[in-house]
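Now for the letters of each chain:
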Amino acid sequence: RSLQAACHPFVTFLAPMSIRVTPLGAGQHVGRSCILVEITGKRVLFDCGVSPGAKSSTEHFPELDKLTGGGKSLTQLIDVVIVSHYHLDHVGALPYLTEVLGYTGPLLMTHPTRAIAPLICRDYLKVEARNNKFGGVRYSEAAVSACFERATCMQLHERVVLDGLAITPFYAGHVLGAVMILLEHRGKSALYTGDFTMVAEHYLSAAKVPLALRPDVLITEATCCTTVRSSKRAKEQDFCRKIQETLENGGKVLIPIPSIGRGQEICLACDRHWERAGLSYPMYAIGGGMAERGLNFFRLFASWSSDLVRKTEEPFNFNHVRMCDLEDVIDSDAPMVVFAGPSMLQAGVSLSLFRKWAPDRRNLVSFAGYCLPGTIGHFVQAKVQKVNIDADTTIQVRCSVDYLSHSDHTDSRGILQLISQVVPRHVVLVHGSDKMMQVFQPIVKRRLGVPCSTPAQGECAEIFAGEAMAQEVLVSPDLVRSARSVPCPPAPPNPHLELTPSVCPPSAEFAGLFMQRKRAAGDANGALELVGKSARSASSAGLRVHTLRYRHEVTALASATFQKAWAELAHELRRAELPFRWDPAEPPWNRALQSGHQFSVTLLSKMQCCIRPSSNTGHWKATVDWTDEDERLCPAVAPFLDAFGEA
C-alpha cells in the first residue's frame, strides 16, 4: 500500500489482480447451480437453479442471502445474471431472484432457453404444489412469465458488452440452447461451462469452443468426472434390446424422462429401433400440452441441433410414439412402453405408473439418465427392494431396473479434453460430488499441470491472475495445410445492447496435440509444439497412441437389412468422396452367397465389415469392427451400425 501511495496510479495495474469464484449452489454437490464470479470489479451470477431431491428447504434453493449486504439492492450488487441452459437445477430459482428478491438488472440467455425454461418452471410449480414439502412454492406462475419477459437473448459467438464487461456464448451441446460463457474485463477472463458434452448426440452436436482461449480461470462442471464411457451406440442397442425382451415376455416398460430435452433423444432412439426391428408394440408418451409445446420448440430451433437433424425434413416426428393420457394406460394389462415425466420419479405421472407397475416382476423401469441424490429415482437406481414414497406409503420394487448410463454430461475424458483445448491458468470444479472431485482434482494437477480448486458451498476460491505472457508455439507445415477455416457470423443488430465484432475473428482450426519439449541445453522450460493426432506424428514425438476398437458379430443378419444399410452408407461415402474397397470384390447382391465365400469391405479409419453365408436362408453371418473416429468421420456410419443391433 505504501508503494502504491508513493507512485503514480498506473503502477497499481501492474500488480496481480484476483478473480473470485463463490458457489452459492453446486459447491461440492450436484444441483441448484448458482455461481458468483467477481472479475476486476464486476460481479456476475451464472445460473440460479433448485435441487429437486433436497431433504430440507435450506438445501432446496441457492444461498442467495449471501449476495445481500451494505444496504444495497441485488440490482446494485450484481452487474448481470447469465443462464447457461433451461434445466431445472440451473434455472428453477430464477423467478424467485427477479420477482421476489427484486433483481431488475440485465438477464441474458439464448433463444431456446428463453422459450423452454418457462415450461420447465411452471411444471416445477405444479409438482411442488402437489408435494408441499417445504411449506409451498416460493413464487407464482405470474412471476415465471414476468421473469422471462425481461430476459435478453444472445446469439452464438455474439459479443455482448455491458459497461466494459464482454460476454461471449459458445455452443455447449448437452441440451438445446445450452452455452458456455466467456467473460472478459480489463484484460482478465473467465470461462464458465455450465453443463456440456464433448461427444455428439442423436440430436445435438459436441461442444464447440475456440482453441487456446487461455482464460485466467475455467469453471467447469464435474458431474461425471470419474467416469470413462464406452460406445454410446452399443449402450443404446443394449437398452432397446432389454425393452424388447420385456415386452416379448408380457411385461410393461416405464421410461421416466424429462418432457423436454433428453426425452426427445430417447424417443428418437426407440422409434428407430422399432422401425428397424419391425416391432408393433405400442409406445406412448404422456406429457400433456408441455410435451407437445416442447416438441414444437425443438422443431423451431432445429438449427441448434446436430447435422443429422438439420438434414431431416420433419425432425422429431415419431412414427411409433403416440401421445396419450394416464387413464389410457395405467390399468391396461397389454405389453407397452410408456415415456412419462418427471425423470427422477419425484411426483406426477411417472410416479403414479411406478406405484402401479413396480410390484410386478414382469415389468421394467428403465431410466434414461442420472437421478439426483434424495429423489425416489436415485433409490430405485440403487436397486433397493423397498422405496418410501411418502410417510404413509412403501412400494415393493419387484420389477427389473435398467439404466442407460450414457448421461448427457461429459465424462472425465471430455473435461480433460476441454481443459487441454482452452488452456486455462486455473481450473475450478463445481456441480459434482465432493468424493468424485477429490479424485479428479489431483489428476488435473498431475496430468495437465494446471492448478485446480474445488470450493465448497459458500466458500470463495480466489485466483490471482497475473499479467498475460505471449509464447510461441511450433507447428509443423503439414498441420498448417490441414487447418480448416472457421469464419464467425456477424452479430445481428440489437438496439438495446452495445455489440462489437465477435471475440473470435475468422481463424484456422487445428486438430493436434500440445506438448512441451526441450529444444536446447539452455532452454529450461522447453518450447511448445503442436503435433498431429496421427499415430506416426505422435510416435515421432515420443508418445504412445492407444486406439479403442469395437467389434460386433451377428450370426444371422437378414441380407435385405444389410443391403439397405450398406446402400445408404455407400451413397454417403461417395457423396463425401470418402474411399472404400471390397475384397476380393463387391458381393453378388442378387443371389445367395456360396458356402466358403467371404466378402469384406474396408473404409474410413480402417473400419472393416465382413459377410459370410449363414445356415439360415436369406441371412448372412456378419462382423463389423469400428472406432469412435469412424462415427465422427461420417455421420452415416451410425445408422449402418444400427442394422447390426437387431440380432
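Residues numbered from 1 in each chain as written. Predicted model: local features only at pLDDT ≥ 70, side-chain atom pairs only at ≥ 80, totals over all residues. Heavy atoms only, no water.

1. Remarks on the overall build of the protein chain
In step 1: From N to C terminus, the protein chain includes 20 helices and 33 strands.
In step 2: Residue burial in the protein chain is summarised as follows: out of 647 residues, 51% are buried.
In step 3: Restricting to contacts in the protein chain with at least 6 residues of sequence separation, those with at least 24 account for 70%.
In step 4: Of the accessible surface of the protein chain, which amounts to about 30000 Å², a share of 50% is contributed by carbon and sulfur atoms. (Helix = DSSP H or I, 4+ residues; strand = E, 2+ residues; numbered from the N terminus. Buried < 20%, exposed > 50% of the residue type's maximum accessible area, 1.4 Å probe, protein only. Contact = heavy atoms within 4.5 Å. Areas by Shrake-Rupley, 256 points an atom, 1.4 Å probe, with all protein chains shown as cover.)

2. Describing the environment of L300
In step 1: The topology assignment puts L300 in helix α10 (residues 288–300).
In step 2: Residues L300 and P112, 188 residues apart in the sequence, show an inter-C-alpha distance of 8.9 Å.

3. Things to note about the side chain of S306
In step 1: Inspection of the secondary structure puts S306 in the loop between α10 and α11 (307–310).
In step 2: Contacts of S306, omitting those with residues within four sequence positions, involve E201, H202, Y203, L204 and S205.

4. Thoughts on the packing of aromatic side chains
In step 1: Applying the stated rule across the entire model yields 14 aromatic pairs.
In step 2: Ring geometry for F297 versus F301: centroids 6.4 Å apart, planes at 20°, classification stacked.
In step 3: Assessed through its relative accessible area of 13%, F301 is described here as buried.
In step 4: Chaining the aromatic ring pairs together yields one cluster made of F562, W566, F580, W582, W589, W620 and F640.
In step 5: One cation-aromatic arrangement involves R138 over F61; the distance from NZ or CZ to the ring centre is 4.2 Å. (Phe/Tyr/Trp six-rings, centres within 6.5 Å; stacked < 30°, edge-to-face > 60°. Lys NZ or Arg CZ within 6 Å of the ring centre and 35° of its normal.)

5. Description of the confidence of the model for the protein chain
In step 1: When pLDDT is averaged along the protein chain, the result is 83, and 84% of the positions lie at 70 or above.
In step 2: Scored below 50 in pLDDT, residues 1–16 makes five contacts in the model with residues more than four places away or belonging to other chains.
In step 3: Low pLDDT (under 50) marks residues 519–525, which in the prediction has five contacts with non-local residues, meaning those over four places away or in another chain. (pLDDT = per-residue confidence, 0-100.)

6. A short note on empty space enclosed by the protein
In step 1: On inspection of all chains with the given rule, the structure shows three cavities of 30 Å³ or more.
In step 2: What lines the largest cavity is simply H202, R233, E236, Q237, C240, A269, R272, H273, R276 and D642.
In step 3: Among the elements of the structure, α8 (232–248) and α9 (262–277) are those that each provide at least two residues to the lining of the largest cavity.
In step 4: Partitioning the lining of the largest cavity into residue classes produces two nonpolar, three polar and five charged. (1 Å grid on protein atoms, 1.4 Å probe; cavity = no way out; pocket = protein on both sides within 12 Å on 5 of 7 lines; lining within 4 Å. Points joined across faces, edges and corners; volume = space filled by probe spheres on them. Nonpolar A, V, L, I, M, F, W, Y, C, P; charged D, E, K, R; others polar.)

7. A closer look at helix α7 (residues 141–149)
In step 1: Among the residues of α7, A143, V144, C147 and F148 are the ones counted as buried. Angularly, the buried residues of α7 cover 120° about the axis, an arc narrow enough to put them on a single face. Turned more than 90 degrees away from the buried face of α7, the exposed residues are A142 and E149.
In step 2: Residues of α7 that are buried sit in contact with α4 (88–91), α5 (94–100), β5 (107–110) and α6 (111–131). (Arc of directions from axis to C-beta.)

8. Re helix α12 (residues 348–357)
In step 1: When we look at burial in α12, the residues that qualify are S350, L351, L353, F354 and W357. All buried residues of α12 project into a common sector of 165° when viewed along the axis, lining one side.

9. A short note on the side chain of T40
In step 1: Checked against the element boundaries, T40 lands in the loop between β2 (34–39) and β3 (42–46).
In step 2: Polar side-chain contacts of T40 include one of 2.6 Å to the side chain of H185. (Polar contact = N/O pair within 3.5 Å; in protein donor to acceptor, adjacent residues only side chain to side chain.)

10. Quick word on the pairing of strand β10 (residues 188–192)
In step 1: The element β10 is largely enclosed, with a buried count of five among its five residues.
In step 2: Inspection of the sheet shows strand β9 (residues 179–185) paired to β10 by five bridges, in the antiparallel sense. For L182, the partnering residue across the bridge sits in β10 and is L191.
In step 3: The hairpin turn running from β9 into β10, its antiparallel successor, is two residues long, and R186 in that turn takes a positive phi close to 50°.
In step 4: With three bridges connecting them, β10 and strand β11 (residues 217–221) associate as parallel partners. Among the inter-strand pairings, L191 is bridged to a residue of β11, identified as L218. (Pairing = 2+ DSSP bridges.)

11. A closer look at the nonpolar core
In step 1: Grouped together as the largest cluster of nonpolar side chains are 123 residues, with contacts concentrated most on I82, L94, I167, L183, I243, I255 and F339.
In step 2: Looking at this core element by element, the count peaks at eight residues for α6.
In step 3: Among all residues touching F339, those that are not within four sequence positions of it are I255, I257, I266, C267, C270, M283, Y284, A285, I286 and V321.
In step 4: Counting 30 residues, the second-largest nonpolar core is a separate cluster that includes V329, A340, L345 and A358. (Core = buried A, V, L, I, M, F, W, Y, C linked by side-chain atoms within 4.5 Å.)

12. So, the sheet that holds strand β30 (residues 580–583)
In step 1: Read from one edge to the other, the open sheet built from five strands follows the order β29-β33-β32-β31-β30, with strand pairing classed as antiparallel. What marks the edges here is a single partner per strand, and that holds for β29 (549–558) and β30. Adjacent strand axes in the sheet meet at a mean angle of 15°, parallel and antiparallel pairs treated alike.
In step 2: In this structure, β30 lies alongside strand β31 (residues 599–603), joined through four bridges in antiparallel fashion. The residue of β31 that forms the bridge with W582 is V601.
In step 3: In this fold helix α18 (residues 559–575) packs onto β29, β30, β31, β32 (607–613) and β33 (619–627), with an angle of close to 135° to the strand it touches most, β29. (Axes fitted to C-alpha atoms, helices over the stretch in contact; angles between N-to-C directions.)

13. Considerations on the sheet that holds strand β13 (residues 283–286)
Across a sheet, strands are paired by hydrogen bonds formed along the backbone, either parallel or antiparallel in direction.
In step 1: Spatially, β14-β13-β15-β12-β16-β19 is the arrangement adopted by the six strands of the open sheet, whose pairing is parallel. This sheet does not close on itself; its edge strands, each paired only once, are β14 (321–323) and β19 (400–403). Here the average twist between neighbouring strands, direction ignored, is 25°.
In step 2: Relative to strand β16 (residues 364–367), strand β12 (residues 253–256) runs parallel, the two being bridged by two bridges. Within the sheet, the bridge partner assigned to V253 lies in β16 and is L364.
In step 3: Of the strands in this sheet, β12, β13, β15 (337–340) and β16 touch α12, which is tilted by about 150° from β12.

14. A look at the packing of α8 against α9
When two helices pack together, their arrangement is given by the angle between the helix axes and the distance between those axes.
In step 1: The N-to-C vectors of α8 and α9 enclose an angle of 70°; their axes lie 10 Å apart at closest approach. Viewed along their axes, α8 and α9 adopt a mutual orientation that is roughly perpendicular. Helix-helix and strand crossings are classified by hand; for α8 and α9 the assignment is right-handed. Each of K232, E236, F239, C240, I243, Q244 and L247 in α8 lies in contact with α9, whose residues at this interface are R262, E265, I266, A269, C270, H273, W274 and A277.
In step 2: Here the contact of α8 with α9 is built from residues that sort into nine nonpolar, two polar and four charged. (Parallel < 35°, antiparallel > 145°, perpendicular 65-115°, else oblique. Left-handed = near helix turned anticlockwise from the far one by under 90°.)

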